[in-house]
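Descriptive analysis of the structure
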Amino acid sequence: MGNDTKHSRRSFLGKSAVIAGTALAGAGVGGRAGAEPLPIPPTAQQPGRPIPATAYGTPSKFESHVVRRRTDVFVNRQNWSDWSMTPLQHQHGIVTPTGLIFERHHAGIPDIDPAMHKLVIHGLVKQPLVFSMSDLMRYPSVSKFHFLECSGNTLADWTKAASTTVQQTHGLLSCAQWTGLPVSWLLDEAGLGPGATWVLFEGADGSNHTRSIPLDKVMDDALLVYAQNGEMLRPEQGYPLRVFIPGWEGNVSVKWLRRIKVGDQPWHFRSETARYTDPMPDGKWRQFSFLMECKSVITRPSGGMKLERPGLHEIQGFAWSGRGRITAVDVSVDGGKNWQPATLEEPVIDKCLTRFRHRWSWDGRPAVIQSRAVDSTGYVQPTVPDIMKARAIAGFVQHHNGIFPWSVSASGEVRNAIA
Amino acid sequence: MRSRELVLAVAVALIVAACAAPTASRLPERPRVGFGQPISEADLAAWNIDVRTPDGLGLPPGRGTVAQGKAVYEAKCVACHGPEAKGGSMYGTMVGGIGSFKTNARVLTPGSMYPYAPILFDYVRRAMPMDRPLTMTADEVYAVAAYILHLNGLVPADAVMDQSSLPKVQMPNRDGFIPDDRPDTSAVRCMRDCK
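Counting restarts for each chain, with residues numbered from 1 along the sequence as it is written. Lettering for chains starts from A, numbering for ligands starts from 1, and both go in the order in which the items are written. In view of the model being predicted, local features appear only for residues whose pLDDT reaches at least 70, and side-chain atom pairs are presented and counted only at 80 or more, with totals across whole chains, interfaces and linings using the full set of residues. Excluding hydrogens and water, the side-chain values take into account all heavy atoms of the structure.

Here's the deal with the overall build of chain B
We count a stretch as a helix when DSSP gives it H or I for four or more residues in a row; a strand needs E for two or more, and each element gets its number in order from the N terminus. Helices and strands together make up the secondary structure of chain B, namely six helices and four strands. Helices and strands appear in chain B in the N-to-C order α-β-β-α-α-α-α-α-β-β. Accessible areas in this description were obtained via Shrake-Rupley with a 1.4 Å probe; residue shielding takes into account the shown protein chains only. For chain B, the exposed surface amounts to about 10600 Å²; the carbon and sulfur share of it is 60%.

What follows is the structure in structure tokens.
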């Protein structure tokens, strides 16, 4: 094989990797006359890179477009209290690769030495306690798969289409296996005092971020987490310690956790009054709206992609609910008039991303595709107009779990069709 | 035959019970060990910075005037928040917005949004100035809180803020909050000829 062939082959590979990110080829390509004979790929005729002495593996250089991105829809004036979003259109299973888990910080990412880190528990307890990281890691551990979603996920797209890709519309959503120990163990160890009903969690970051959480939830399923997806937390996920509150808005899973205080009422911090509250009719605000309700979205095909030709396209997406398990997902390809049940892929786990799939034969005509999830409480994902009847859609809106449509044009362009 | 049916029925009942059980039962039981070290409230005092904002419990001793607050603001805050807190390089306005919540352009500021004035003390102490959080004295925090409240028309120019006066400031949005009452939708799973 000559040098020329090698070069053209390389540039072809480069191009196809880019195309794979945005375009979806259709079926029916079999046995075309005049197809070029397949050359032997150059990688098959030479050794690859030798194994380095030590390394932390990274994705192929051809996957460099699969990265978190700060939003360019709602642009902050600084990047300490800011966020970055998960490329859901490139996520193939229910677990988000650790380096792609979305970020939301209020004062940047601290680098905390675990040997220096301490957690204290005090307030309405019989004996205030302090723990080092090695103390915490001596306890038996528990691992759980759970989604993590920011209350502001989808906030830019209610009444008009502001975002292009599903990364921008839904990328404040990720899923991981979290490892740690139940918070309840340590509260029992400290001994709850009379009147204990709320628990404060506080971080060691520059925002000293704080939230008040009802004790019942903490005792039910809150975890003190030090690892995710099999390795210690990443700095941007709270290294070396965070609380994880399954099914509730991400903001309450306080990162870089250093203090737990037990009280007999909520503290009403800025983060639970002026922020993380929902505008309601008549100038009111809904407060302590922790739960992330049942929601789903089609990730493929999704905004910014192109269907190359009619024929089979597997519609893929995620469904999740802070109230429990996903029991069904329906897909519509005619703008919500008719629906068909999609296939849920195992495992289907409580408060975890669930993958759904639906085989769609696109006839080449304009279509509007969308998904609708149902959870184990029987709650059915609403449309945006359903939500609007109950809430005031204005300003910085949180907890948008509405059905999200994508339009497909006759030429196969997929676009945000929220309104 | 009979007993096999019974075994089956019991097994099914157990499975159903397991599925219906609350989440906590699926977390493992607490081991009878404790690795925490006792600590006294006095030894963790530097960390004990929270203010219970409705009644101000946890506000430290100290005091500050509007005039002192203006000086603190101009030294430590103006670069990001702009003159008179009307918006700067890093953040939008922190004044005004009172009465805007019934319009479609709700303006969120400490004046319009905070139900309790001690929120201002708690938040500024723990998170501001953003480039050097948790470094101000209690006097400085009281003073700058007084200044921001004054800019919002909520305290007079001669106001002094301390442990007892700050919780007494009447905030316009005090009764603006309602508890979570979701689910607030009741969509149905229509499959054919919907809408």
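There's plenty left to go through after this.
Points about the pairing of strand 23 (residues 354-362) of chain A
For a regular strand, the rule is simple: side chains alternate between the two faces of the sheet. Residues and elements named next belong to chain A. In this scheme, a residue with accessible area under 20% of its type's maximum is buried, one over 50% is exposed, and one in between is partly exposed, where area comes from a 1.4 Å probe on protein chains only. Burial runs high along strand 23: seven of the nine residues are buried. Strand pairing is assigned whenever DSSP detects at least two bridges linking the two strands. Here strand 19 (residues 311-320) pairs with strand 23 via nine bridges, running antiparallel. If you follow L312 over to strand 23, its bridge partner there is S361.

Quick word on the interface of chain A and chain B
Throughout, a contact is declared for two residues whenever any of their heavy atoms are within 4.5 Å. Taken together, the contacts link 88 residues of chain A with 68 residues of chain B. Counting the surface lost from both chain A and chain B, the interface buries some 6800 Å², and carbon and sulfur atoms represent 55% of this. By buried area we mean how much accessible surface two parts lose on assembly, using a 1.4 Å probe and totalling the loss over both. On the chain A side of the interface with chain B, the three residues burying the most area are A:R77, A:R270 and A:W285, jointly 11% of the side's total. When a carboxyl oxygen of Asp or Glu is within 4 Å of a side-chain nitrogen of Lys or Arg, the pair counts as a salt bridge. Between the two partners, chain A and chain B, sit 12 salt bridges.

What about helix 5 (residues 118-127) of chain B?
Judged by how many residues are buried, helix 5 of chain B sits mostly within the fold: nine of 10 residues are covered. Of all the positions in helix 5 of chain B, only B:P118, B:I119, B:L120, B:F121, B:D122, B:V124, B:R125, B:R126 and B:A127 are classed as buried. Check the buried side of helix 5 of chain B and you find it contacts strand 9 (198-203) and strand 10 (210-214) of chain A together with helix 4 (110-113) and helix 6 (138-151) of chain B.

Things to note about the confidence of the model for chain A
All names here are of chain A. On a scale of 0 to 100, pLDDT captures the predictor's confidence in every residue. Put simply, chain A has an average pLDDT of 92, and 91% of its residues get 70 or more. Within the model, the stretch residues 1-22 combines pLDDT values under 50 with 16 contacts to residues more than four positions away or in other chains. Of the regions scoring below 50 in pLDDT, residues 25-29 engages in 12 contacts with residues more than four places distant in sequence or in other chains.

Considering the nonpolar core
Residues and elements named next belong to chain A. To define a nonpolar core, start from buried Ala, Val, Leu, Ile, Met, Phe, Trp, Tyr and Cys residues and group those joined through side-chain atoms within 4.5 Å. Membership of the largest hydrophobic core comes to 41 residues, with the highest contact counts inside it found for F201, L224 and I260. Each residue touching I260, except ones within four places of it in the same chain, is listed here: L119, V120, I121, H122, V183, L187, V199, L200, F201 and L224. Judged by nonpolar contacts, the second largest core, of 39 residues, contains F147, C352, W362 and W406.

Things to note about the sheet that holds strand 4 (residues 103-105) of chain A
Residues and elements named next belong to chain A. Here three strands make up an open sheet; going across it, the order is 2-3-4 and the pairing antiparallel. The open sheet terminates on both sides in strands that have one partner only, identified here as strand 2 (69-70) and strand 4. Of the strand pairs in this sheet, strand 2 and strand 3 (residues 82-85) are connected by two bridges, and their pairing is antiparallel. Bridge pairing in strand 3 links R70 to S84.

A closer look at the domain arrangement of chain A
Residue and element names in this part refer to chain A. Domain extents, as shown, originate in an automatic or database domain assignment. Taken as a whole, chain A is organised into domain 1 (82-282) and domain 2 (295-416). Contacts between the two partners involve 40 residues from domain 1 and, on the opposite side, 38 residues from domain 2. A combined buried area of about 3300 Å² lies between domain 1 and domain 2, and 66% of that area is made up of carbon and sulfur atoms. Viewed at the interface, domain 2 and domain 1 are joined by two salt bridges. Where K295 meets E149, a salt bridge forms, and the shortest distance between an N and an O atom there is 3.0 Å. Contacts described as polar in this section are N or O atom pairs within 3.5 Å, which, within protein, must combine one atom able to donate a hydrogen with one able to accept it, while residues neighboring in sequence count only if both atoms come from side chains. The interface formed by domain 1 and domain 2 includes 17 residue pairs in polar contact (both at pLDDT 80 or more). Mapped by element, the contributors of at least two residues to the side of domain 1 that touches domain 2 are strand 7 (142-149), helix 3 (166-170), strand 8 (173-182), helix 5 (215-221) and strand 15 (278-280). Ranked by the residues each element gives to the side of domain 1 that touches domain 2, the list is headed by strand 7, at four residues. All amino acids are sorted into three groups, where Ala, Val, Leu, Ile, Met, Phe, Trp, Tyr, Cys and Pro are nonpolar, Asp, Glu, Lys and Arg are charged, and the leftover types, Gly among them, are polar. Taken together, the residues of the side of domain 1 that touches domain 2 break down into 17 nonpolar, 17 polar and six charged.

Quick look at the pattern of salt bridges
Per the counting criterion, the structure on display carries 37 salt bridges over all chains. With its nearest N and O atoms 2.7 Å apart, the salt bridge here joins A:R259 to B:D50. Pair noted here: A:R259 is in strand 14 (residues 257-263) and B:D50 is in the loop between strand 1 (37-38) and strand 2 (63-65), and the two residues belong to different chains. As a salt-bridge pair, B:K76 and B:E140 come within 2.9 Å of each other at their nearest N and O atoms. Residue B:K76 is located in helix 2 (residues 66-76), and its partner B:E140 is located in helix 6; the two are separated by 64 residues in the primary sequence. We classify B:K76 as partly exposed; its relative accessible area is 34%.

What to know about the state of the cysteines
In this description, a disulfide is simply a cysteine sulfur pair whose atoms lie within 2.5 Å. Using the criterion set out here, one finds one disulfide over all chains in the structure. Each disulfide pairs two cysteine sulfurs, and for B:C190 the partner residue is B:C194, the sulfurs being separated by 2.1 Å. When the S-S torsion is -100°, as for the bridge of B:C190 with B:C194, the disulfide is left-handed. In this structure A:C175 is not part of a disulfide, and its nearest cysteine sulfur, from A:C352, lies 3.6 Å away.

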